[in-house]
Amino acid sequence: MSAPTGRGSDARSGPGGAPVPRVDAYEKVTGATRYAADRTPPGLAHAALAVATVGRGRVARVETAAARAVAGVLLVVTRFEEHELRPAGYRLSGGYGFQSLQPLLDDRIAYRGQPIALVVAETPVAAVEAAALVEARYEAAPAVAVTLDAAGAETVGQAAALPQPMFADIAMGDADAAFAGSPVRLDAEYDIGAQHQVPMELLGTVVEWRGDDLVVHECTQNSGAVRHGLARQLGIAPARVRVVSPQVGGGFGQKTWLQSHVGPLAVAARRLGRPVKLVVDRTQTFHGSTFRPASRHRLRLGADRSGLLTALVHETRQQTSRHDLFASDFTSVTARLYGIGDFRGHQRLTRTDVQTPGFMRAPFEHAAVFALESAVDEIACATGRDPVALRLANDTGTDPVTGRPFSSRHLAACLRRGAELFGWAARTPRPGTMRAADGTLVGWGVAAGAYRASAGPAVARLRLAADGRIAVEVSGHEMGQGLRTAIARTVALDLGIAADGVRVGVGDTGEVPQHLTAGSWGTATALPAVHAALRRLRSCLGAPDEGPLDTVAAAAERAAAGRPEAVVEAVSLPPGQSARAVDRLRAGLPTPAGPEYPGFSAFSFIAHFVEVRVEPAIGRVRVPRVVSVVDCGRVASPVTAAGQIRGGVVWGIGAALRERGEPEPRHGGFHHADLAEYLVPVNADVGRVDVDFVDVPDPLVNPLGVKGCGEVALVGVAPAIANAIHHATGRRHRALPIRVEDVLAPEDGRNGNCP
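Residues numbered from 1 in each chain as written. Predicted model: local features only at pLDDT ≥ 70, side-chain atom pairs only at ≥ 80, totals over all residues. Heavy atoms only, no water.

Q: Explanation requested: the overall build of the protein in the structure shown.
A: Within the protein, the regular secondary structure consists of 19 helices and 27 strands. The C-alpha atoms of the protein give a radius of gyration of 26 Å, which matches the 27 Å a tight globule of 755 residues would have. Its C-alpha atoms put the protein at 75 × 75 × 50 Å along the principal axes. Looking at the protein residue by residue over its 755 residues, the buried ones come to 62%. Residue pairs in contact within the protein that sit at least 24 positions apart in sequence constitute 80% of those at least 6 positions apart. If you sum the accessible surface of the protein, you get close to 26700 Å²; carbon and sulfur atoms cover 52% of it. Here the protein holds 80 positive side-chain charges and 76 negative ones, and the gap between their average locations is 0 Å. (Helix = DSSP H or I, 4+ residues; strand = E, 2+ residues; numbered from the N terminus. Rg over C-alpha atoms; globule rule 2.2 N^0.38 Å. Buried < 20%, exposed > 50% of the residue type's maximum accessible area, 1.4 Å probe, protein only. Contact = heavy atoms within 4.5 Å. Areas by Shrake-Rupley, 256 points an atom, 1.4 Å probe, with all protein chains shown as cover. Lys, Arg positive; Asp, Glu negative; His and termini not counted. Charge placed at Lys NZ, Arg CZ, Asp CG, Glu CD.)

Q: Could you clarify how one ought to interpret the sheet that holds strand β12 (residues 241–244) in this entry?
A: Across the sheet, which stays open at both edges, the seven strands sit in the order β3-β5-β1-β13-β10-β11-β12 with mixed pairing between neighbours. A single partner strand is all that each edge strand has here, and the edge strands are β3 (73–77) and β12. Here the strands of the sheet are splayed against their neighbours by 20 degrees on average, with no regard to which way each runs. Where strand β11 (residues 213–218) and β12 come together, four bridges link them in parallel fashion. What sits directly across from V216, in β12, is V243. Lying over the sheet, helix α6 (residues 223–234) contacts β10 (204–210), β11 and β12, oriented at roughly 145 degrees with respect to β12. The strands that helix α7 (residues 262–272) touches are β1 (45–51), β3, β5 (115–121), β10, β11 and β13 (276–279); relative to β10, the one it contacts most, it runs at about 40 degrees. (Pairing = 2+ DSSP bridges. Axes fitted to C-alpha atoms, helices over the stretch in contact; angles between N-to-C directions.)

Q: Would you mind going over the pairing of β3 with me for this structure?
A: Every other side chain in a regular strand lies on the same face of the sheet, so the side chains alternate between the two faces. Burial analysis of β3 places four of its five residues in the buried class, which makes it a mostly covered element. Strand direction decides the pairing type here: β3 and β5, joined by four bridges, are antiparallel. Looking at β5, one finds that V76 is bridged to V119.

Q: It is not clear to me how the sheet that holds strand β19 (residues 470–474) should be interpreted in this structure. Could you clarify?
A: The pairing of strands in a sheet comes from backbone hydrogen bonds and takes either a parallel or an antiparallel form. Strand order in the open sheet formed by four strands is β20-β19-β18-β21, and the pairing between neighbours is mixed. Looking at which strands have only one partner, the edges of the open sheet turn out to be β20 (502–505) and β21 (566–572). Taking the axes of each pair of neighbouring strands and ignoring which way they run, one obtains an average angle of 15 degrees across the sheet. The sheet contact formed by β19 and β20 spans four bridges and is parallel. Opposite V472, over in β20, you have V504 as the bridge partner. Across the sheet, helix α14 (residues 522–541) touches β18 (458–464), β19 and β21, and the angle it forms with β21 is around 140 degrees.

Q: What am I meant to see in the nonpolar core here?
A: A general tendency of soluble globular proteins is for nonpolar side chains to be buried together. Counting 146 residues, the largest nonpolar core has L118, L214, F609, V612, L657, F693 and I721 as the members making the most contacts within it. Examining the composition of this core, we find that 10 residues originate from one element, helix α10 (residues 365–383), more than from any other. Ignoring any residue separated from it by four or fewer positions in sequence, one finds L118 in contact with A47, A48, L49, L75, V76, V77, F80, L104, P264, L265 and A268. If you look at the next biggest cluster of nonpolar residues, it comprises 38 residues, including A492, L495, A529 and V706. (Core = buried A, V, L, I, M, F, W, Y, C linked by side-chain atoms within 4.5 Å.)

Q: Mind showing me how you'd approach the pattern of salt bridges here?
A: Think of it this way: side chains of opposite charge can pair up when their charged atoms draw near. Enumeration according to the criterion identifies 46 salt bridges in this entry. In this structure, R22 and E478 form a salt bridge, with 3.9 Å as the shortest nitrogen-oxygen distance. With R22 in the segment before α1 (25–30) and E478 in the loop between β19 and α13 (483–495), this residue pair connects regions lying 456 residues apart in the sequence. By relative accessible area, E478 is classed as buried at 0%. Among the salt bridges present, the one from R463 reaches E565, with a minimum N-O distance of 3.2 Å. Separated by 102 residues along the polypeptide, R463 in strand β18 and E565 in the loop between α15 (551–560) and β21 bring together distant segments of the chain. E565 sits in the partly exposed class, given a relative accessible area of 37%. (Salt bridge = Lys/Arg side-chain N within 4 Å of Asp/Glu carboxyl O.)

Q: Just to check I follow, could you spell out the packing of aromatic side chains for this structure?
A: Here a ring pair, both rings aromatic, is described through the centre-centre distance and the interplanar angle of the planes. Inspection of every chain in the model, using the stated rule, returns 17 aromatic pairs. Arranged with centres 5.5 Å apart and planes meeting at 85 degrees, the rings of F330 and F364 form a pair that is edge-to-face. In this pair, F330 is assigned in the loop between β15 (309–321) and α9 (331–334) and F364 in the loop between β16 (342–352) and α10, connecting sequence segments 34 residues apart. F364 shares its class with F330; the two are buried. Across the ring face of W651, the terminal group of R361 is positioned such that the distance to the ring centre comes to 5.6 Å. The ring centre of F422 lies 3.9 Å from the NZ or CZ of R625, which sits over that ring. (Phe/Tyr/Trp six-rings, centres within 6.5 Å; stacked < 30°, edge-to-face > 60°. Lys NZ or Arg CZ within 6 Å of the ring centre and 35° of its normal.)

Q: Can you walk me through the pairing of strand β26 (residues 688–693) in this structure?
A: The buried fraction of β26 is high, at five of six residues. Inspection of the sheet shows strand β25 (residues 621–631) paired to β26 by six bridges, in the parallel sense. Residue R625 lies in a different strand from β26, and its bridge partner there is R688.

Q: I tried to follow the confidence of the model for the protein on my own but got confused; where do I start?
A: Low-pLDDT portions of the prediction should not be read for the details of their coordinates. For the protein, per-residue confidence averages 94 on the pLDDT scale, and residues scoring 70 or more make up 96% of the total. Within the model, pLDDT remains below 50 along residues 1–19, and this stretch shows 48 contacts once partners closer than five positions in the same chain are excluded. (pLDDT = per-residue confidence, 0-100.)

Q: Would you mind showing me how to read the environment of T283 here?
A: Of note, T283 is situated in helix α8 (residues 282–288). In this structure the C-alpha to C-alpha distance between T283 and G113, which are 170 residues apart in sequence, comes to 8.9 Å. Separated by 3.2 Å, the side chain of T283 and the backbone oxygen of A673 make a polar contact. (Polar contact = N/O pair within 3.5 Å; in protein donor to acceptor, adjacent residues only side chain to side chain.)

Q: Can you help me understand the state of the cysteines in this one?
A: Note on terminology: disulfide describes a covalent bond linking the sulfur atoms of two cysteines. Under the criterion given, the structure shown has zero disulfides. Left without a disulfide partner, C632 is nearest to the cysteine sulfur of C709, which lies 4.8 Å away. (Disulfide = S-S within 2.5 Å.)

Q: What is the right way to read the side chain of E218 from this model?
A: Counting through the fold element by element, E218 comes out in strand β11. No salt bridge is formed by the buried E218; the nearest opposite charge belongs to K255, separated by 8.3 Å.

If you want it as structure tokens, here you go:
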């Protein structure tokens, strides 16, 4: 993979423009970084879960004698009493849990992999051995529905099913009539299978009671929700719970809310009077934690003969659980990617026998844009327009949904710059006409993407120590995306000091209130608060509002005057938010704003250009190079931002060619249960990835002009690959992933191929 090219590639910061790598790089590569599961307090006991082997029904009896007989077993719990443990509530209904169902409170089985017993032992080996010996007898349901089309799966309208819908249906103009009157029409269905986040760092928790206070070390993206959710479950004050998550170790949406094992772990630790650790094994994360649900998209896209898009109808169905409705939001991006005045979006949910699905990187945009950008490419083919030129012709500076201007929109710049870097002008339009010297088919594809520019309330506390170093405590979590580096670089550039003179604390409810870090709003949430705190620090020190600040001299001056270290605190709010948002922040509830703000709408944009090589005899697809150009406002940390884009491209390769959760229709759950069977890209699957940034600040969204890039990085990669495969082979593919058997399958007439 190459270094970033062009504008936005400067990774300089600090005095004299000295290069600054990510601030936690050395600790990570040397193994010094500590995650939640690395905690080993004195007297630590270890836990494991026994889980249901049926996909639906009731537990008739649980046999635990063999488990209790294992040497070192301290506790086997099959049911917690109501006074010990209560449900935390579902996140989309004002609660804190990833689902409403709290296992180990009754005999109901809602999905395969649901915990039926918690075992605690002196060693992890003993705990795992004992958990495997727990046996249950079930009154199983006669049929299990785990797919969108399964018998017994129930489809409901999202707007009618949710008392307070998170995401409303969208309608502008008369899309159905406009589609019927369009000279060029495409009516197609697109299927996206379930996918799993599989972060390298497993779900891991260490709980420890210190008197009446509970300390939890948890790899979470939302320590505030864990704190308040546990307080609700245990019936104690939130002030008695401290959650520490300095390094998440990758979350990608799986770790956004309170996991169902944490409350039982806290009760077990209280019963035993000693700390307890649980690391959920990889198999159980597939069956017992959130995942990207399967979805189906019907698009009716109309255009005139020049390729001007005239109408779009986007109807969706998304999988959810029986016990919760995980709301979908596919149409908010398809309604806005282009200037289509006549649009109708309708979203439905299908209840299935699975754990409640959840957010996974670019949770709705990845699937929605795969459908739209595949369809747009078909329109380009049908009208004889170059795919880049067609997208440029349909660009808009106004949000079609609200009629307001975008705060900034440089999608056209992304497309033009990407085409230049990729060498798009050398592409031959006719599919199947480009070949490598060895006869391999070559295809070039393009797709655009967008992701809402959201932000939330945040608190930042700055401390000038006696030695002149700066300590920052701020709402946010480090998931490997480089939040610490962005914060340190912001402070360093503002004060004119070295980034290694800045200590950054995130993810700790004992410091400042913690907002959920997700949705690509981590940087846009934390940095405005840091910026505001820097203004207060300068005022406290009597320094100018801008320009270099000698922090060592300032600290020495305060010490000479007998004053303690300087501590300031600031709260930031996105445009249009009131102080009520801060109240929700302090209650552990997320309050993101966007993409609609007073007077404007805000999104990040991206363009991906992809080359594929397809071996005709065996159908194998390779991706030797990708060029991605991003409009995410001011780039707060170029080194880590480029890493985010490359990571998103790798995710897109996996989504397009490898990853799919294969449901098990007989017993529930998924066929695969580890990384040997759930295929993710490896080094051999990833070629050269060039990244460039428009790097134009967007001052309407916040004073620093930054917008997110971690989610938009994935949006559009899969359709760019699919479009490139069509260009190489002349075959369209409307389902993900596109595997060898799909490339080799006989033509069935449904793939929308064009000459």
